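# Breakdown of the fold
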Amino acid sequence: MKKKINKMLVLISALAILFTVILTTFVYYDMFRKQIVEDLRGYAYIARECETQEQFEKLGQQMRLSDVRVTVVDKNGDVIYDNEANQAVMENHGERPEIVQAFAAEEGDDVRRSETLAKNTFYFALRLNDEAVIRMARDAGSVYSILHKAMPSLIGTILLLGAMSVVMAHFLTKRLIAPIGRLASNLDESDDEADYEELTPFVTTIRQQHQDIMKSARMRQEFTANVSHELKTPLTSIMGYAELIESGMAEDADVTRFAGGIRNSAARLLTLINETIRLSEMDDGNANAEVENLNLYEMAKYCVEMLEMSAAKHEVQISLLGEACHVSGDRQQMEELLYNLCDNAIRYNNAGGSVTVEVKPVEGAPVLTVRDTGIGISKEHQERIFERFYRVDKSRSKSTGGTGLGLAIVKHIITGFGARLELNSEVGKGTEIKVFFPKES
Ligand code: ADP
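Structural notes, computed from the coordinates. (Residues numbered from 1 in each chain as written. Predicted model: local features only at pLDDT ≥ 70, side-chain atom pairs only at ≥ 80, totals over all residues. Heavy atoms only, no water.)

## A few points about the site of the ligand
- Taken together, 19 residues form the shell around the ligand, and within it Arg347, Tyr348, Ser397, Thr403 and Leu407 come nearest.
- Within the side chain of asparagine 344, a nitrogen or oxygen atom sits 2.9 Å from an oxygen atom of the ligand.
- Glycine 406 places a main-chain nitrogen or oxygen 3.3 Å from an oxygen atom of the ligand.
- Calculation on the ligand without its partners gives an accessible area of 520 Å², and the protein chains cover 97% of this total.
- When residues in the shell around the ligand are grouped by element, the largest group, 3 residues, is from helix α8 (residues 331-347). (Near = heavy atom within 4 Å. Polar contact = N/O pair within 3.5 Å; in protein donor to acceptor, adjacent residues only side chain to side chain. Areas by Shrake-Rupley, 256 points an atom, 1.4 Å probe, with all protein chains shown as cover. Helix = DSSP H or I, 4+ residues; strand = E, 2+ residues; numbered from the N terminus.)

Listed below in structure tokens is the structure:
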């Protein structure tokens, strides 16, 4: 950017200098040309006033000293007087534009280029009487010769101003860019205002993005630490059981029990790994999501049937209410959503309690409700249970195979569906989770 600004500034000043010089030269040359013709005109009028031949010839000689050529041409175009050349050998002047003009309208003028480009000859002709015309002529440098003469000083000025603009451009761009550099190194200080008003929206966006990146990096770091920590417990228990069996201290009955323990811990490891993979997949965007039209009621029915065994084990009654409802989205994600909500409602329930799953449209939009008569969640925990690895009662969660990731996945899925979640819960009475899907268009 600095280089670009430098280049632009130098280019602009060089062009400005060049234009000014050329323009001034032409304006000046026009004035110069007018002045010469005006002078020649004055001389011609003075010459016309001469009363005698001697007077006229004397004037002619004086004019010669000032490099003005005086010629008198008669009606036939023959030169009858010339203060420089021999009139007898001069060619016919009858066709010259200034002479023709003067015979016709008293005055006439013309500028002709001489053989060399460097000189122009200026002519002014005045009618003396019906028989003759007097013509004054003078050579003067052409605009090219003026430009040519001015060239050394012109180049000097261009070089000088060019050098000045390089220096100025350097300092100017340095000053222009300094606030941007300062902002780049101060992205964290949100009260540090941008020096340029035009940069404010840009800086706000960059700051926002920077904060988001930092936050996401922190979250990933925490997540990795949490995952490693969570993996440790089942692995340690597997190692413990294995060591006991290895040492030969365990009786046959114990070995069977320990094998069960190992299987449980391994299952836990598998769930943890699977859920972690799901979450990171979802963090990277829903690349695998396939949108299709889902029959929510049928899917809820299947989920309830699948969980009946588990419900019976927890001595919980599970039932489904409602009617056919359609939602578009990814089938696997909807299955996960239903499973996680229903599974929690069973696991955090009391013996003899119940779980009710309801699917029905409300004002044309599908709503899924999972209600339980379980232990409930107190207000302070309600906000946090959607965080990764957050568990109200760690031991209860673990003993029922929980990982603390279920609701984090639910939250992700709901966002993907464009849905909204509502949580109502009271400790000791139960929990109700409602998912409002967007209206099908
Ligand atoms: P977990 O694998 O521990 O069940 P979740 O993310 O599914 O993890 O839930 C987070 C926490 O929220 C649970 O540990 C539990 O304390 C609480 N919770 C979730 N659902 C319910 C519910 N229906 N009733 C009471 N508490 C619940």
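From this point, things continue past the structure.
## Considering the sheet that holds strand β12 (residues 430-436)
- Spatial ordering of the open sheet is given by β7-β9-β10-β12-β11, a layout of 5 strands whose pairing is mixed. With partners counted over all chains shown, the strands left at the sheet margins are β7 (317-322) and β11 (420-426), one partner each. Averaged over all pairs of adjacent strands, the angle between their axes in this sheet comes to 10 degrees, without regard to strand direction.
- Two strands pair when backbone bridges link them, and strand β9 (residues 354-362) and strand β10 (residues 365-372) are joined in this way by 8 bridges, in the antiparallel orientation. Residue pairing across strands places valine 359 opposite leucine 368, the latter belonging to β10.
- Sheet strands in contact with helix α7 (residues 296-313) are β7, β9 and β10, and its direction is about 170 degrees off that of β7. (Pairing = 2+ DSSP bridges. Axes fitted to C-alpha atoms, helices over the stretch in contact; angles between N-to-C directions. Contact = heavy atoms within 4.5 Å.)

## Let's talk about the sheet that holds strand β1 (residues 69-74)
- If you trace the 5 strands from one edge of the open sheet to the other, you get β2-β1-β5-β4-β3, paired in antiparallel fashion. Across the chains shown, the open sheet's two edge strands, defined by having one partner strand only, are β2 (79-82) and β3 (107-113). Neighbour-to-neighbour, the strand axes of the sheet open up by a mean angle of 20 degrees, direction not taken into account.
- Of the pairings in the sheet, the one linking strand β4 (residues 119-129) to strand β5 (residues 132-141) comprises 10 bridges and is antiparallel in character. Paired with asparagine 129 across the two strands is alanine 132, which belongs to β5.

## Let's talk about α7
- Between the first and last C-alpha of α7 there are 26 Å, a value that for 18 residues agrees with the 26 Å anticipated at 1.5 Å per step.
- By the largest-angle criterion, leucine 307 marks the main kink of α7, which is about 45 degrees.
- Along α7, the residues classified as buried are Leu296, Tyr297, Met299, Ala300, Cys303, Val304, Leu307 and Ala311.
- For α7, the secondary structure elements touched by its buried residues are β6 (292-295), β7, β8 (326-329), α8, β9 and β10.
- The backbone nitrogen of tyrosine 297 lies 3.3 Å from a side-chain oxygen of the residue at the head of α7, namely asparagine 295.
- Just past α7, the residue glutamate 315 takes up positive phi, approximately 55 degrees. (Expected span 1.5 Å × (residues − 1). Bend = angle between axes of the 7 residues up to and from the residue. Buried < 20%, exposed > 50% of the residue type's maximum accessible area, 1.4 Å probe, protein only.)

## Digging into the nonpolar core
- Met334, Leu337, Leu341, Leu368 and Phe437 are the most contacted members of the largest nonpolar core, which totals 49 residues.
- With 8 residues, α7 is the largest single contributor of residues to this core.
- For leucine 368, the residues in contact, after removing those within four places along its chain, are Leu296, Leu337, Leu338, Leu341, Val357, Glu358, Val359, Ile433, Lys434, Val435 and Phe437.
- In this structure, Ile36, Ala44, Ala47 and Val72 belong to the second largest nonpolar core, which totals 22 residues. (Core = buried A, V, L, I, M, F, W, Y, C linked by side-chain atoms within 4.5 Å.)

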